[in-house]
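Close look at the chain arrangement
Single-letter residue listing:
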Amino acid sequence: MNAEPDLRHHGDAEVRSAGLVDLAVNVRTGTPPPWLRAHLAATLDTLAAYPDGTAARAAVAARHGRPVAEVLLTSGAAEAFVLLARVLRPRHAVVVHPQFTEPEAALRDAGHTVHRVLLTPEQGFRLLPGAVPEDADLVVVGNPTNPTSILHPAAALAELARPGRTLVVDEAFMDTDPGETQTLAGARDLPGRVVVLRSLTKTWGLAGLRIGYLLAPADLVAELAAAQPLWPVSTPALAAAELCSTPAALAEADDAARTTALDREHLLKGLAALPDVRVHGEPAASFVLIRLPDAAAVRDRLRTAGFAVRRGDTFPGLGPDWLRLAVRDRDTTDRFLDALAAAIPG
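Before going into details, it helps to say that this report is about the structure given with it. (Residues numbered from 1 in each chain as written. Predicted model: local features only at pLDDT ≥ 70, side-chain atom pairs only at ≥ 80, totals over all residues. Heavy atoms only, no water.)

Quick look at the nonpolar core
Applied cut-off: For this analysis, a nonpolar core means a set of buried residues of the types Ala, Val, Leu, Ile, Met, Phe, Trp, Tyr and Cys, connected via side-chain atoms within 4.5 Å. When accessible area is computed with a 1.4 Å probe and restricted to protein chains, residues below 20% of their type maximum are described as buried, those above 50% as exposed, and intermediate ones as partly exposed. To qualify as a helix, a DSSP run of H or I must reach at least 4 residues; to qualify as a strand, a run of E must reach at least 2; elements of each kind are numbered from the N terminus. Annotation comment: domain bounds sourced from an automatic or database domain assignment. By the convention used here, residues are in contact when the closest approach between their heavy atoms is within 4.5 Å.
Residues Leu-73, Val-96, Leu-167, Leu-200, Trp-204, Leu-206 and Ile-211 are the most contacted members of the largest nonpolar core, which totals 49 residues. Examining the composition of this core, we find that six residues originate from one element, helix H8 (residues 235-243), more than from any other. Of the residues that make up this core, three or more belong to each of domain 1 (11-30 + 249-343) and domain 2 (45-246). The contact partners of Val-96, leaving out residues within four places of it in the chain, are Val-117, Leu-119, Leu-127, Val-132, Val-139, Val-140 and Val-141.

Structure, rendered in structure tokens:
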């Protein structure tokens, strides 16, 4: 019997040794940009006052074309998963895997039984019609999905929405898709309750600041807000939410997504030239999932060569022969590919 995957293992655990080139954490390198650093530093003069999220909430609402009452600012997207787990009372909760493990961990911590729908590499990790049980009243899915990097069509996810069901779509990496072509962030007319989660951590390099938000029907937002502690988001984090929702910031993020797409293609081309390395499906985010024999030993050899990558066996539906690689600039990728080629037994 296979051991239960460690749902609490995350990529930051791979880079705690100093000096490693980080391909394990999906935060964009070179961030936060100087203009954002300067604005965040300026908030230090206001820390004597309690946080006021009015402007940030309005900025996020305007960015997605939604009423302010349908926006909840959170201490990172991870807090949103915990709030949902504590507030919702699902009879049949389903998490679509492989995906980010915090949603399932939060649901289990809150005492819920979680049923897994496992997408397969043979089908390119695509969500096929009928995969989700009809009687599921809570469905959680990532888009683009971490760690598979698969971008599901918005229409396919919209088909999961129905009366009596809460559909939670984790779009933490949606801004790595140029134009955000498959987002459900603006979908307000679907049946049931649709919740979209967003994070500012990855594109803007704010993992230590803890800022994210969710978009949902106003009544559910009010329930979730009532479960939050007072002042859950700090003044610097609120400033980040406001600043990163401006047209100039969105244009910068889109430019970054286009650069990432080119860098990803360069990585994929290099991986295709290596024996025994397989990529399933069509990666569309800022990371790539690979399958190769003896991946654990390869990972150790890469660490010796100075590169940290993310193990894949802690994601339900994957096993010890999977690794996740963050997309980096071409020079870093070329050095990594040389190290990977040397690490693969041959």
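Some points on the layout of surface pockets
Using a probe with the size of a water molecule, rolled over the atoms, empty space left in the structure can be pinpointed. The following threshold applies: Two kinds of site are reported from a 1 Å grid over the protein atoms alone, namely cavities, where a 1.4 Å probe fits but cannot get out, and pockets, open sets with protein on both sides within 12 Å along at least five of seven lines, and residues are called lining when an atom falls within 4 Å of a point. Grid points are joined across faces, edges and corners, and a volume is the space filled by probe spheres set on the points.
By volume, the largest pocket is sized at about 520 Å³. Lining the largest pocket are 24 residues; nearest its centre among them are His-10, Phe-100, Thr-201, Lys-202 and Arg-210. Elements with a contribution of two residues or more to the lining of the largest pocket: helix H3 (76-87) and helix H6 (201-204). In terms of residue count, H3 provides more of the lining of the largest pocket than any other element does, three residues in total. For the lining of the largest pocket, the domains that each give at least three residues are domain 1 (11-30 + 249-343) and domain 2 (45-246).

Quick word on a negative patch on the surface
Formally: The patch calculation keeps residues exceeding 30% relative accessible area without a salt bridge and links them within 9 Å when they carry like charges or within 5 Å when they are nonpolar (Val, Leu, Ile, Met, Phe, Trp, Tyr). Accessible areas in this description were obtained via Shrake-Rupley with a 1.4 Å probe; residue shielding takes into account the shown protein chains only. Salt-bridge detection follows one rule: a side-chain nitrogen of Lys or Arg within 4 Å of a carboxyl oxygen of Asp or Glu. Charged residues are defined narrowly, with Lys and Arg counted positive, Asp and Glu counted negative, and His plus the chain ends left uncounted. Charge coordinates come from a single atom per side chain, which is NZ of Lys, CZ of Arg, CG of Asp or CD of Glu.
The grouping of Asp-329, Asp-331, Asp-334 and Asp-338 at the surface amounts to a negative patch. Its place among the elements puts Asp-331 in helix H11 (residues 330-343).

Re empty space enclosed by the protein
For clarity, the threshold we go by: The nonpolar class holds Ala, Val, Leu, Ile, Met, Phe, Trp, Tyr, Cys and Pro. Asp, Glu, Lys and Arg form the charged class, and all remaining residues, Gly among them, are polar.
What the rule picks out here adds up to two cavities of 30 Å³ or more. The space that makes up the largest cavity amounts to roughly 60 Å³. As a volume, the second largest cavity reaches approximately 30 Å³. What lines the second largest cavity is simply Gln-99, Phe-100, Gly-142, Pro-144, Thr-145, Asn-146, Asp-170, Ala-172 and Phe-173. When the residues that make up the lining of the second largest cavity are grouped by side-chain class, the tally is four nonpolar, four polar and one charged.

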